[in-house]
Amino acid sequence: MATPPALSSRIPGFYELCSRERMRIAAQFSELSLEEEQSLHHYGALNPELTDTFIENAIGTFSLPLGVATNFIINKVEFLIPMAVEESSVLAAASHGAKLARAGGGFVTSSSEPIMTGQIQLKFLAGNPPSDEELTALKPYLLAYANRGQDRLLARHGGAKDLSWYFIAEISSLVLQLQINTGDAMGANIVNTMCEKVSVRLKELFPSCELGLRILTNLTTSRIARASCRVPAAAFNNTNFSGDEVIDRIVDAWKFAWYDVYRATTHNKGVMNGIDPVLIATGNDWRAVEAGAHAYSCRDGHYRPMTLWSKGSDGALYGSLEIPLAVGTVGGVTKLHPSAQAALKLLGRPNAQQLAEIICAVGLAQNLSALRALASEGIQQGHMALHQKNIALLATHREQTNVEPVRQLRHQGFLH
Ligand code: MEV
């Protein structure tokens, strides 16, 4: 390891510099070459001004490959799915999963209304918390209070819709949960703003309490997306096993995940392999969705696979996925990032619910493809062959050819 330079990371006013100056300091700090500096200080579809509006201390952007997954039919509509991801074989696998589901008519999806939940913690260290009766009487007032000044949201049928509460004795805390329809926004700002506002009023109403946290929960159990598919046995008949055998093996692989947390974790990583790249491509908060999806997988007290797979009485494979999916199609990065805007256009400009459903279908396709490969020829021989081929081709390409690796892969039938 190179010896770190004797420079301090304490740089007062760093955030006030322009990105070029910040880059220079960072480059000096770590003794970056000009080439290394240039690979950080570039803007792709963004520019320094936009980058500065997204984050603090920006010095450039980080590029990821962006591709489109093919073969998707969702609720009888054809889709090309934009996915931003660094892992090879993810797009090929998503496309393959969608091709299998396509043989049964594609994916069927549904979703709940875009209801986010905000938490307000009131600590009653001295004095008693209000009774259920008191809170029930106050509820209409508190909902109306939360909605004051939210005319645009209310005009779109959004706003605070419900309020519930519970008491956690161990931390003497009354937790109020505000249910807010955030429309086509992911809604973090709306929820946090409403929670802070209502909490101030609650403090006035209950002076003996101490205000605790006021923040949304990422476990958005009221904002759920569902996708399902049916794959006829004949769709699997091109492997070493009969279609019927492949289906039995996929269901067995799923049961392994159901009963084993180590397998469930990897199974679910495979589901998120499909979900995260679409979240990234559309400018959505993938950390929020990850957190909610994994917590939801524990809802019966055990960490379970996110998907369900079974064999129907008609011999076909039936799969479904149900997860919390808080995504937006307006506001924030989604609105300002030119690539996110274009990705949404690729998807036909869905609203937030439709986008959540599309993403859910991609997660199911991704899992189907991984299970099919694992349950038959194995992941290394299957999709990972693409990765190995890719690396080999890249080396060859660098050394001698002028044919791009991707074109070679397509010639060899690796890309769908
Ligand atoms: C690799 O990124 C994802 C898989 O491990 C998922 C799985 O095992 O189900 C192939």
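Residues numbered from 1 in each chain as written. Predicted model: local features only at pLDDT ≥ 70, side-chain atom pairs only at ≥ 80, totals over all residues. Heavy atoms only, no water.

**Q** Break down the site of the ligand for me, with residues and values.
**A** Around the ligand, the structure places Glu87, Arg263, Thr266, His267, Lys269, Gly270, Asn273, Ala370, Leu374 and Ile379. The side chain of arginine 263 places a nitrogen or oxygen atom 2.7 Å from an oxygen atom of the ligand. Contacts to the ligand include lysine 269, whose side-chain N or O atom sits 2.7 Å from an oxygen atom. Contact with the protein chains covers 82% of the free accessible surface of the ligand, which is 300 Å². Residue assignment for the shell around the ligand shows that the elements contributing at least two residues are helix H9 (261–281) and helix H13 (352–375). When residues of the shell around the ligand are assigned to their parent elements, the largest contribution, six residues, is made by H9. (Near = heavy atom within 4 Å. Polar contact = N/O pair within 3.5 Å; in protein donor to acceptor, adjacent residues only side chain to side chain. Areas by Shrake-Rupley, 256 points an atom, 1.4 Å probe, with all protein chains shown as cover. Helix = DSSP H or I, 4+ residues; strand = E, 2+ residues; numbered from the N terminus.)

**Q** Outline H13, supporting the account with residue identities and numerical values.
**A** If you check H13, its first and last C-alpha atoms are 35 Å apart, about what 24 residues at 1.5 Å a residue would give, namely 34 Å. Extensive coverage of H13 is indicated by the burial of 21 of its 24 residues. Sitting at the head of H13, asparagine 351 places a side-chain oxygen 3.2 Å from the backbone nitrogen of glutamine 353. (Expected span 1.5 Å × (residues − 1). Buried < 20%, exposed > 50% of the residue type's maximum accessible area, 1.4 Å probe, protein only.)

**Q** For helix H12 (residues 338–346), give the residues involved together with the corresponding values.
**A** Along H12, the residues classified as buried are Ala340, Ala343 and Leu344. The buried residues of H12 occupy an angular sector of 100 degrees when the element is viewed end-on, so they sit on one face. Summarising the contacts, the buried residues of H12 are in contact with strand E2 (77–84), H9, helix H11 (332–336) and H13. Directly beyond the C-terminal end of H12, a positive phi value near 80 degrees is found at glycine 348. (Arc of directions from axis to C-beta. Contact = heavy atoms within 4.5 Å.)

**Q** Give a detailed account of the sheet that holds strand E3 (residues 108–111), specifying residues and quantitative values.
**A** Read from one edge to the other, the open sheet built from four strands follows the order E3-E8-E10-E9, with strand pairing classed as antiparallel. The open sheet terminates on both sides in strands that have one partner only, identified here as E3 and strand E9 (307–311). Each adjacent strand pair in this sheet contributes to an overall mean axis angle of 15 degrees, direction not counted. Here E9 runs beside strand E10 (residues 317–324); their pairing, made up of five bridges, is antiparallel. Considered in E10, the bridge of tryptophan 309 is made with glycine 319. (Pairing = 2+ DSSP bridges. Axes fitted to C-alpha atoms, helices over the stretch in contact; angles between N-to-C directions.)

**Q** How would you summarise the packing of aromatic side chains if you had to cite specific residues and measurements?
**A** As enumerated under the stated definition, the model contains three aromatic pairs in all. Judged by centre distance (5.7 Å) and plane angle (25 degrees), the ring pair of phenylalanine 72 and phenylalanine 107 falls under stacked. Of this pair, phenylalanine 72 sits in strand E1 (residues 66–74) while phenylalanine 107 sits in the loop between helix H4 (90–102) and E3; the two residues are 35 residues apart in sequence, bridging distant segments of the chain. The exposure class of phenylalanine 72 is buried, given its relative accessible area of 0%. Phenylalanine 107 sits in the buried class, given a relative accessible area of 1%. Measuring from centroid to centroid gives 5.9 Å for tyrosine 141 and tyrosine 145, while their planes differ by 35 degrees, and the two rings are tilted. Placement of both tyrosine 141 and tyrosine 145 in helix H5 (residues 132–147) is noted, with a separation of four residues, approximately one turn of the helix. Stacked on the ring of tyrosine 145, the Lys or Arg lysine 197 has its end atom at 5.4 Å from the ring centre. The aromatic ring of tyrosine 296 is capped on one face by arginine 299, whose charged end is 3.9 Å from the ring centroid. (Phe/Tyr/Trp six-rings, centres within 6.5 Å; stacked < 30°, edge-to-face > 60°. Lys NZ or Arg CZ within 6 Å of the ring centre and 35° of its normal.)

**Q** Please provide a residue-by-residue account of a nonpolar patch on the surface, values included.
**A** Nonpolar side chains collect at one region of the surface, where Val68, Leu80 and Leu346 lie side by side and expose about 230 Å² of accessible area between them. Examined against the element boundaries, leucine 346 turns out to sit in helix H12. (Patch = residues over 30% accessible without salt bridge, like charges linked within 9 Å, V, L, I, M, F, W, Y side chains within 5 Å. Salt bridge = Lys/Arg side-chain N within 4 Å of Asp/Glu carboxyl O.)

**Q** Run through the sheet that holds strand E5 (residues 159–168), naming residues and quoting values.
**A** Taken together, four strands build an open sheet; the order of strands is E5-E6-E4-E7 and the sheet is antiparallel. The strands lining the two open edges of the sheet, one partner per strand, are E5 and strand E7 (210–216). Neighbouring strand axes in the sheet, compared pairwise and without regard to direction, differ in orientation by 20 degrees on average. The sheet strands contacting H5 are E5 and strand E6 (173–181), and the helix crosses E5 at an angle near 145 degrees.

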